[in-house]
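Listed here are the chains, written in short residue letters.
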Amino acid sequence: MKKILEIALGIVTSVGGFLEIGSIATAAQAGAEFSFQLIWAIVLGGICIIFLVEQAGRFAAVSGRTLPDAIRERFGFNYFAFMYAILGLLSLLVLAAEIGGVCVALELATGVGFQWWAVPVALSIWLVIWKGTFGVIEKGISVLGLVTLAFVVGAIVMHPPWREVATGAVPSLPQHDSARYWFIAVSILGATISPYLYFFYSSGAIEDEWKETHVGVNRIIATGGMTFGSVISISVLVLAALLLLPRGMKVEHYSELPMLLVPVFGEKGFWLLVASLGIACLGAAMEITLQMAYVTAQGFGWNWSENQKPIEEARFSTAYTVTIALGMLPVLFGLDPLTMTVFSMALTAATLPVSVVPFLFLMNDYSYVRVYRNGWISNAVVISIIALAFVLAVVTVPLQIFGGG
Amino acid sequence: MELVRDCLDKQLDDSSKRRMGRVDGIILELEPGRAPRVAYVEVGVTTLINRFSSRLGKKVARWLRSRGISPDPFRIPWGKLKIGLNTVLADVEAEKSPALEWELWLRKRVIGRIPGAK
């Protein structure tokens, strides 16, 4: 019974971490512009992230180490510094987008401009991390994030043409606006295969004191959570295809998002959208903030744990405090959250090789994972993800120029 | 033992198993006619920057010195180390060593002054 509860909670947590501003925005744009045609990108990204998250969890459970810890040790300081610089800049950008998402939800709810909410939102995030434990953040916020299931209910209620939805899961060439089509596909992949997901997951496994006995549980949680998360993203895309596309709305501003749920649930739909957007982004913002502090502390060998008092790990506490302050600035200065989101998701895709390549080495190193090394299927998938990551790294910038606008 | 594989960049813990940093550098002593001898390991930001670029390392050291901050890394004699599978154990007290200088400064001057830190 305890194990089942642990798995259920783990899956809920994984879903909570999966859905954030990037996956909502990119899925909505895909549906609004290309109907069901880009579902395959969510499916592909979902398969990739299932494998990466499972491996990150297995690595932590067996070796008792997190990914950044092992990357510094196995690849040396120079590679770690390179990855840290790229990941750091990217995480700050994604964090700004998430804080922007919470602020937009508050703007929709109150009518007060989003940048006015930047400081209160950043302070609230900091306060929860400052006072809360890992369990509070991981499980509390994630359980609240279940409100995003409204998208799934909405998609089912709208009775979409299931045959066309299924056809969308198979990659196909665009019939119009090729550059835009591929740019959105790349953004969806960037939003789905987020490095913060597997870095946070590996630290979480250590915080939750996972051992070798958790290898099976980890597999179920990673697969269940990421699949469930992908289903919610697909639901957003389906709703956008059914409700935004016929109205010619292309999600050029967040104010168009309520149209995903209002036609289904009426006025309640508006509040469900506000709650979904706000809570999903709040949860993601906390995870990204903590992830940055974890990577910093683990890479430099500092004391770290969200379960300790801030004074017992002053550098770790300073790391997340500074991260939140920096992440808040673009929103405070009024940068458009949607532009930041789309830009950061594409950039995530472009920088994937840096954080994915280490998997191939670490997950085959007997000194870390012993008999739990990758089998040929996992290795084939990681090699495919690396190949995909390199393709994305090459095509993202040209697509950003020709299809990003 | 392979020095770089088994020691460099490994987690460094003190005698009470408190994390105090990583093995940022290894110092070898060279004497004519004798085999090189491992003398110390180093912990410190200038050691790390030197691994990146020695020119940049010198500039950072000069800048730190001009601000009254010692750029010298903390050195631990090789004899005080025990190389484990996951960590390098140092027979020193981290809180009394320069390795935790910044941690203690932040604790006293910044984090400790914010309500709810304790």
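Residues numbered from 1 in each chain as written. Chains lettered and ligands numbered in written order. Predicted model: local features only at pLDDT ≥ 70, side-chain atom pairs only at ≥ 80, totals over all residues.

Points about the overall build of chain A
And step 1. When helices and strands are tallied, chain A shows 18 helices and zero strands.
And step 2. Scaling as 2.2 N^0.38, a compact globule of 405 residues should have a C-alpha radius of gyration of about 22 Å, and chain A matches this with 20 Å.
And step 3. By its C-alpha atoms, chain A is 55 × 50 × 45 Å across when sized along the principal axes.
And step 4. Nonlocal contacts in chain A, meaning residues at least 24 apart in sequence, comprise 85% of its contacts between residues at least 6 apart. (Helix = DSSP H or I, 4+ residues; strand = E, 2+ residues; numbered from the N terminus. Rg over C-alpha atoms; globule rule 2.2 N^0.38 Å. Contact = placed C-beta atoms within 7 Å.)

Notes on the interface of chain B and chain A
And step 1. Between chain B and chain A, the residue contacts involve 22 residues of the former and 22 residues of the latter.
And step 2. Put simply, the parts of the chain that give the side of chain B that touches chain A at least two residues each are β1 (11–13), β2 (19–22), α2 (45–52) and α4 (101–109) of chain B.
And step 3. The element contributing the most residues to the side of chain B that touches chain A is α4(B), with four residues.
And step 4. For the side of chain B that touches chain A, the class distribution of residues is eight nonpolar, five polar and nine charged. (Nonpolar A, V, L, I, M, F, W, Y, C, P; charged D, E, K, R; others polar.)

Side note on the sheet that holds strand β5 (residues 74–77) of chain B
Residue and element names in this part refer to chain B.
And step 1. The three strands are arranged β3-β4-β5 in an open sheet whose pairing can be described as antiparallel. Every other strand in the sheet has two partners, leaving β3 (25–29) and β5 as the edge strands with one partner each. The sheet shows a mean angle of 35 degrees between the axes of neighbouring strands, direction not considered.
And step 2. Strand direction decides the pairing type here: β3 and strand β4 (residues 37–43), joined by five bridges, are antiparallel. Residue Ile26 lies in a different strand from β4, and its bridge partner there is Val41. (Pairing = 2+ DSSP bridges. Axes fitted to C-alpha atoms, helices over the stretch in contact; angles between N-to-C directions.)

A closer look at the packing of helix α4 (residues 67–110) of chain A against helix α10 (residues 195–207) of chain A
Residue and element names in this part refer to chain A.
And step 1. Two elements in contact, α4 and α10, have axes separated by 11 Å at closest approach and are oriented at 130 degrees. For the element pair α4 / α10, the angle class is oblique. Note that α4 runs across α10; the crossing there is left-handed. For the pair α4 and α10, contact is made by Leu67, Pro68, Leu87, Ser91 and Val94 and by Pro195, Tyr196, Tyr198, Phe199 and Ser202, respectively.
And step 2. Partitioning the contact of α4 with α10 into residue classes produces eight nonpolar, two polar and no charged. (Parallel < 35°, antiparallel > 145°, perpendicular 65-115°, else oblique. Left-handed = near helix turned anticlockwise from the far one by under 90°.)

Notes on the pairing of β4(B)
And step 1. Bridge count for β4(B) against β5(B) is four bridges, and the pairing is antiparallel. Each bridged residue has a counterpart across the sheet, and for B:Tyr40 the counterpart in β5(B) is B:Pro77.

Considerations on the nonpolar core
And step 1. Among the nonpolar cores identified, the biggest contains 153 residues, and A:Ile99, A:Leu237 and A:Ala240 are the most heavily contacted of them.
And step 2. Here this core takes 20 residues from α4(A), the largest share from any one element.
And step 3. In contact with A:Ala240, not counting residues within four places along its chain, are A:Ala27, A:Ala28, A:Gly31, A:Ala32, A:Leu245 and A:Leu260.
And step 4. Membership of the second largest hydrophobic core comes to 12 residues, among which are B:Phe74, B:Val88, B:Ala90 and B:Ala99. (Core = buried A, V, L, I, M, F, W, Y, C linked by C-beta atoms within 7 Å. Buried ≥ 20, exposed ≤ 12 C-beta atoms within 10 Å, placed from the backbone.)

Observations regarding the confidence of the model for chain B
And step 1. Taken residue by residue, chain B gives an average pLDDT of 93. The fraction at 70 or more is 100%.
And step 2. Two summary scores accompany this predicted model of the complex, namely pTM at 0.94 and ipTM at 0.93. (pLDDT = per-residue confidence, 0-100.)

Thoughts on the environment of B:Pro36
Residues and elements named next belong to chain B.
And step 1. By the secondary structure assignment, Pro36 is in the loop between β3 and β4.
And step 2. Take Pro36: there are 9 C-beta atoms within 10 Å of it, and that puts it in the exposed class.
And step 3. When residues no more than four places from it in sequence are discounted, the contact partners of Pro36 are Leu28, Glu29 and Leu30.

Digging into the sheet that holds strand β7 (residues 87–90) of chain B
Residue and element names in this part refer to chain B.
And step 1. Pairing within the open sheet is mixed, and its four strands lie in the order β2-β1-β7-β6. The sheet is open, and its two edges are formed by β2 and β6 (81–83), each paired on a single side. Neighbour to neighbour, the strand axes of the sheet diverge by 30 degrees on average, direction disregarded.
And step 2. With three bridges joining them, β6 and β7 adopt antiparallel strand pairing. Bridge pairing links Lys82 to Leu89 in β7.

Side note on the environment of B:Arg19
And step 1. Here B:Arg19 is to be found in strand β2.
And step 2. Separated by 85 residues in the primary sequence, B:Arg19 and B:Leu104 place their C-alpha atoms 13 Å from one another.
And step 3. Beyond its immediate chain neighbours, meaning those up to four positions away, B:Arg19 contacts A:Gly301, A:Trp302, A:Asn303, B:Gln11 and B:Asp13.

Comments concerning the packing of α10(A) against helix α13 (residues 267–300) of chain A
Residue and element names in this part refer to chain A.
And step 1. Across the interface, α10 lies against α13 with an axial gap of 9 Å and an inter-helix angle of 65 degrees. Between α10 and α13, the interaxial angle falls into the category roughly perpendicular. Judged by the twist between their axes, the crossing of α10 over α13 is left-handed. Counted together, Tyr196, Phe199, Phe200 and Ser203 of α10 and Glu287, Ile288, Leu290, Gln291, Tyr294 and Val295 of α13 form the full contact between these two elements.
And step 2. Split into classes, the residues belonging to the contact of α10 with α13 amount to seven nonpolar, two polar and one charged.

Details of helix α7 (residues 149–157) of chain A
Residues and elements named next belong to chain A.
And step 1. Where α7 is concerned, the buried positions are Ala150, Phe151, Gly154 and Ala155. What you see down the axis of α7 is that its buried residues fit within an arc of 135 degrees, all on one side. Turned more than 90 degrees away from the buried face of α7 sit Ile156 and Val157, all of them exposed.
And step 2. In the core, the buried residues of α7 are packed alongside α11 (215–244), α12 (262–265) and α13.
And step 3. His159 lies just past α7 and shows a positive phi near 45 degrees. (Arc of directions from axis to C-beta.)

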